[in-house]
Amino acid sequence: MAQYHQFDALVVGAGGAGLMSALYASKAVKTAVISKLYPTRSHTGTAQGGIAAALGNMEPDKWEWHAYDTVKGGDFLSDQDAVDILCREAIDAVIDLEHMGLPFDRTREGKISQRRFGGHTNNETKQPVMRACHAADRTGHMILQTLYQQCIKNDVRFFDEFQMVDLIIEDNTCRGVVAVELRTGEMHVFHAKAVMLATGGFGKMWRITSNAHSLTGDGPSIILQHNLPLEDMEFFQFHPTGIYRMGILLSEAARGEGAVFINGKGERFMTRYAPTMKDLASRDVCSRSIYKEVRAGNGVNGKDYVYMDFRPDQINKYFEADGSPRRVDAAYIEQRLPDILEFVRVYMGIDPISEPVPIQPTAHYAMGGIPTDLDARVLADEKGTVVNGLFAAGEVACVSVHGANRLGTNSLVDLVVYGRRGGVAMADYAKQAQFLPIAQNAHEAAEAAMNNLRNNHGKEKAGQIRKDLQMHMDENVGVFRTRAGLEMAIEEIHGYQARYKNLHIDDTGLRWNTDLMEAWELGNLLSLAEVTAISALARTESRGAHYREDYPNRDDQNFLKHSLTWTNGQQRIAYKPVHMGRYEPTERKY
Ligand SMILES: Cc1cc2nc3c(=O)[nH]c(=O)nc-3n(C[C@H](O)[C@H](O)[C@H](O)COP(=O)(O)OP(=O)(O)OC[C@H]3O[C@@H](n4cnc5c(N)ncnc54)[C@H](O)[C@@H]3O)c2cc1C
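Residues numbered from 1 in each chain as written. Predicted model: local features only at pLDDT ≥ 70, side-chain atom pairs only at ≥ 80, totals over all residues. Heavy atoms only, no water.

### Things to note about the packing of aromatic side chains
Consideration 1: Overall, the coordinates contain 20 aromatic pairs when judged by the stated rule.
Consideration 2: Their ring planes at 80 degrees and their centres at 5.0 Å tell us that Tyr 148 and Phe 158 sit as a pair that is edge-to-face. Note that Tyr 148 is positioned in helix 4 (residues 139-153) and Phe 158 in strand 6 (residues 157-160), a separation of 10 residues in sequence.
Consideration 3: With a relative accessible area of 13%, Tyr 148 lands in the buried category.
Consideration 4: The exposure class assigned to Phe 158 is buried, which follows from its relative accessible area of 15%.
Consideration 5: Where Phe 162 meets Phe 190, the ring centres are 6.1 Å apart and the plane angle is 75 degrees; that geometry is what we call edge-to-face. (Phe/Tyr/Trp six-rings, centres within 6.5 Å; stacked < 30°, edge-to-face > 60°. Helix = DSSP H or I, 4+ residues; strand = E, 2+ residues; numbered from the N terminus. Buried < 20%, exposed > 50% of the residue type's maximum accessible area, 1.4 Å probe, protein only.)

Structure below.
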C-alpha cells in the first residue's frame, strides 16, 4: 500500500526553479513541493557569483545586449525567442526578488550593485559590462532563503526528504508522482493535475565536478524510462576554475573582480587565446585554453593544472597593463569574495591574498535536459508534441536559452524567469483540468524496482561502479572528445550497466536507507552517461562546450540543430531546428 495525496500542482525539487514555480502556482491553486533534500540545502544555495539582468545600474546596458551575449556564448545554438524572454524578463524578475526582500549588495545611491562576468559585454565597446546582480558571493543562498520564506508565507505544502522514483504518465498525460519517504522507506502516491520537474543538474557523472552529491539526474532518467527524449545532452559545461583535484567551484566572480589565470611559467596566457575578453572569455574557451597550456607543457610543475592569481599587487599590474584605471587592495578582495577566499583557505590551506591558487576545469552545468516550450511544458518529440500536465524548469530543463554553452549568472536568471512562467502555466492548466484516474497499483513498478535492488545478492558495490564511471567520463567524455574515445565510453557504460544488475546492498532496511537510494541514483547516472556519450558521438562538429578533436570546426551546414535522444527500448536520435531571430551565426571571437 502506498499513502495517497492530492494537489492541483505538484513541484518536484526545491531549488530556485522549483520554489519560484511553486510560489507562482500557489497564487492560484493548491500546491505542494516534494524534495529529496531539505529545501534550503538545494544546490542553488551554493551559487556564488550572481544573477544577470541588464539593469544598467553601474553603466549603460540593454537587455538586447544581454540577449546577443547569451546567443553568442551559446555558440548560436540557443533558441532566440527563448533568449529574448530570458533577458527581457530578467530585469523584472530581479526586481521581483528585491521586493520579496532579497538582500542584494547596494551601490552608494542604494541601487542593486552589479559586477562583471565572463562573456557579458557592452555590445558597442565590446568591453566587459557590469550585469551580474549579487549578494556578496552568496547570491544563490539568498535566492533560496527568500523564495522559501515566500512559499511558506503562501501556504505551499512541503514534503521534505521525499524522493521521486517514478512519474505516472498515461495516454500522454502526467497524472502524478510516486515518491519514497526517506525517513520511513514508505511509498507515497501524489495525484496531481500538473507536475513540475525541477530536479536540477546531473554533474555527478564526472569525478572532478562542482556539483553536489545529490545531483544524480533522477528527473531526466525517469523521463527516459517513459520513452521520452532528452535534448542537447552532448553539451555539458566544464567550468575553468575548480579547486585542483577537488573540483569545488571558485566562482567566475573572482575574475570579474580582476583575478587572472597564469601558467606554470607565470605567463598570463588568456591574452593569447582571447585578446579582447582575456580571462573573462566564455567558459568553454577558458577551459580549453587551460588544457592547451597543460598539453604544451605549461602546467604548473608539468602537471595538469594552472593557477588563478588573486594577489592584489599582481591584479593591479594586470589592470595597469590593460590600461584600466581600476585598482584593488586586500580589504576590497576580502569584502567582495569572502566565501571564495574561505574555500581556498579551508580546502587547500593556501591564502589567495599572498599565493596563487591551483585550479583545473570542473564538470559544472548541463545545457541539455528535458525539452520544453516557452511555458515550461515538456515536449515529447521533434514535432513539439506537448506531454499534458508535465512541466520542467531550471537546470534540468532545456528550453533552450543556453545553447551549446551557458554564460555565468545566466542559470539563476533562467530559474526565476522560467520557474515563474512555468508556475503560472501550471496553475492555468490545473484550473481547467480534471484529476484523471490513476491505477490502484500506480506505485508498484517503482516499488518492485526498489525491492529488487534491496534484495539483490550480487557481488558489485554501487560505490565502485560510480567511481569507475566517473573516471571514465573524465577521460573520454570530458573537455576534449574523439570518436574512438566516445565509442569506448559507450561500451564501458554498457559494461557498468551489466555490472549494475549484479549489485549488493548492505542495508536491507527501510528507514533512511541511503545505501539503497544511492544505488538507485547510480542507475540514473548510468542512463544519463549513456545518453550523453551517444549524442556526443553523433555530433561530428565542435560547438560551445562540445569539442571534437576529430571535427574541430563548427559545422552550421549540418549541425545548427538541437538533438533529441531516446535510449529506452529503441535507441533513436532526432534533430529539430534552432529558433533563429535577430542574430545570424558568426565566428565567435573573445
Ligand atoms: C557551485 C556552484 C556555483 C554556481 N554559481 C552560479 C552563479 O553564480 N550564477 C548562476 O547563474 N548559476 C550558478 N550555478 C548554477 C546554478 O546554481 C544551478 O544551475 C541552479 O542553482 C540549479 O537550480 P535548480 O532549481 O534547477 O536545481 P537545484 O538547486 O539543484 O535543486 C534541485 C532540487 O531537486 C530536488 N530533487 C532532485 N532529485 C529529486 C528526486 N528524485 N525527488 C525529489 N526531489 C529531488 C533536490 O532536493 C533539490 O531541491 C552554480 C552551480 C554550482 C554547482
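That shown, we press on.
### Topic: the pairing of strand 17 (residues 386-392)
Consideration 1: A large share of strand 17 lies buried, amounting to 5 of its 7 residues.
Consideration 2: Where strand 9 (residues 186-197) meets strand 17, 3 bridges bridge the pair, whose relative direction is parallel. Within strand 17, the residue paired with Val 195 across the bridge is Leu 390.
Consideration 3: The antiparallel hairpin formed by strand 16 (residues 377-379) and strand 17 contains 6 residues in its connecting segment, where Gly 384 sits at a positive phi of about 90 degrees. (Pairing = 2+ DSSP bridges.)

### Re the site of the ligand
Consideration 1: The full set close to the ligand counts 39 residues, and Ser 42, His 43, Thr 44, Asp 218 and Glu 395 are the nearest of them.
Consideration 2: At 3.0 Å, a backbone N or O of Leu 37 approaches an oxygen atom of the ligand.
Consideration 3: Look at the ligand: alone it shows 1000 Å² of surface, and the protein chains cover 98% of it.
Consideration 4: Put simply, the parts of the chain that give the shell around the ligand at least two residues each are helix 1 (16-26), strand 2 (31-35), strand 7 (162-170), strand 14 (357-366) and helix 12 (410-432).
Consideration 5: If one sorts the elements of the shell around the ligand by residue count, helix 12 sits on top with 4 residues.
Consideration 6: A per-class count over the shell around the ligand returns 14 nonpolar, 21 polar and 4 charged. (Near = heavy atom within 4 Å. Polar contact = N/O pair within 3.5 Å; in protein donor to acceptor, adjacent residues only side chain to side chain. Areas by Shrake-Rupley, 256 points an atom, 1.4 Å probe, with all protein chains shown as cover. Nonpolar A, V, L, I, M, F, W, Y, C, P; charged D, E, K, R; others polar.)

### Brief notes about the sheet that holds strand 12 (residues 260-262)
Consideration 1: Reading across the sheet, the 4 strands line up as 11-14-13-12 and stay open at both edges, with antiparallel pairing between neighbours. At either margin of the open sheet sits one strand with a lone partner, and together these are strand 11 (236-243) and strand 12. For this sheet the average axis-to-axis angle between neighbouring strands, irrespective of direction, equals 50 degrees.
Consideration 2: Bridge count between strand 12 and strand 13 (residues 306-309): 3 bridges; the pairing is antiparallel. Bridge assignment links Val 260 to a residue of strand 13, and that residue is Asp 309. (Axes fitted to C-alpha atoms, helices over the stretch in contact; angles between N-to-C directions.)

### A few points about the packing of helix 3 (residues 80-100) against helix 12
Between two packed helices, the angle of one axis relative to the other and the distance separating the axes together describe the packing.
Consideration 1: Closest axis-to-axis distance for the helix 3/helix 12 pair is 8 Å, and the angle between their directions is 90 degrees. Of the possible angle classes, the one that applies to helix 3 and helix 12 is roughly perpendicular. Touching Ala 82, Ile 85, Leu 86, Glu 89, Ala 90, Asp 92, Ala 93, Asp 96 and Leu 97 of helix 3 are Asn 410, Val 413, Asp 414, Val 416, Val 417, Tyr 418, Arg 420 and Arg 421, all from helix 12.
Consideration 2: Of the residues in the contact of helix 3 with helix 12, the class split is 10 nonpolar, 1 polar and 6 charged. (Parallel < 35°, antiparallel > 145°, perpendicular 65-115°, else oblique. Contact = heavy atoms within 4.5 Å.)

### Things to note about the domain arrangement of the chain
Consideration 1: Segmentation of the chain into domains returns domain 1 (3-46 + 141-236 + 364-432), domain 2 (242-362) and domain 3 (444-549).
Consideration 2: Each of domain 1 and domain 3 has a C-alpha centre, and these two points are 22 Å apart.
Consideration 3: In this assembly, 37 residues from domain 1 lie in contact with 33 residues from domain 3.
Consideration 4: For domain 1, the biggest contributors to the area lost against domain 3 are Met 205, Trp 206 and Glu 234; these three give 23% of the whole.
Consideration 5: Applying the counting criterion to the domain 1 and domain 3 interface returns 3 salt bridges.
Consideration 6: The partner of Glu 234 in a salt bridge is Arg 539, with the nearest N and O atoms 2.6 Å apart.
Consideration 7: Where domain 1 meets domain 3, there are 14 residue pairs in polar contact (both at pLDDT 80 or more). (Domains from an automatic or database assignment. Buried area = accessible area lost by both parts, 1.4 Å probe. Salt bridge = Lys/Arg side-chain N within 4 Å of Asp/Glu carboxyl O.)

### Topic: the sheet that holds strand 5 (residues 128-133)
Consideration 1: Taken together, the 3 strands give an open sheet; going across it, the order is 3-5-4, and neighbouring strands pair in antiparallel fashion. Bordering the open sheet on either side are strand 3 (51-52) and strand 4 (114-121), each of which pairs with just one other strand.
Consideration 2: Pairing of strand 3 with strand 5 involves 2 bridges; the strand directions are antiparallel. Of the residues in strand 5, the one forming a bridge with Ile 51 is Cys 133.

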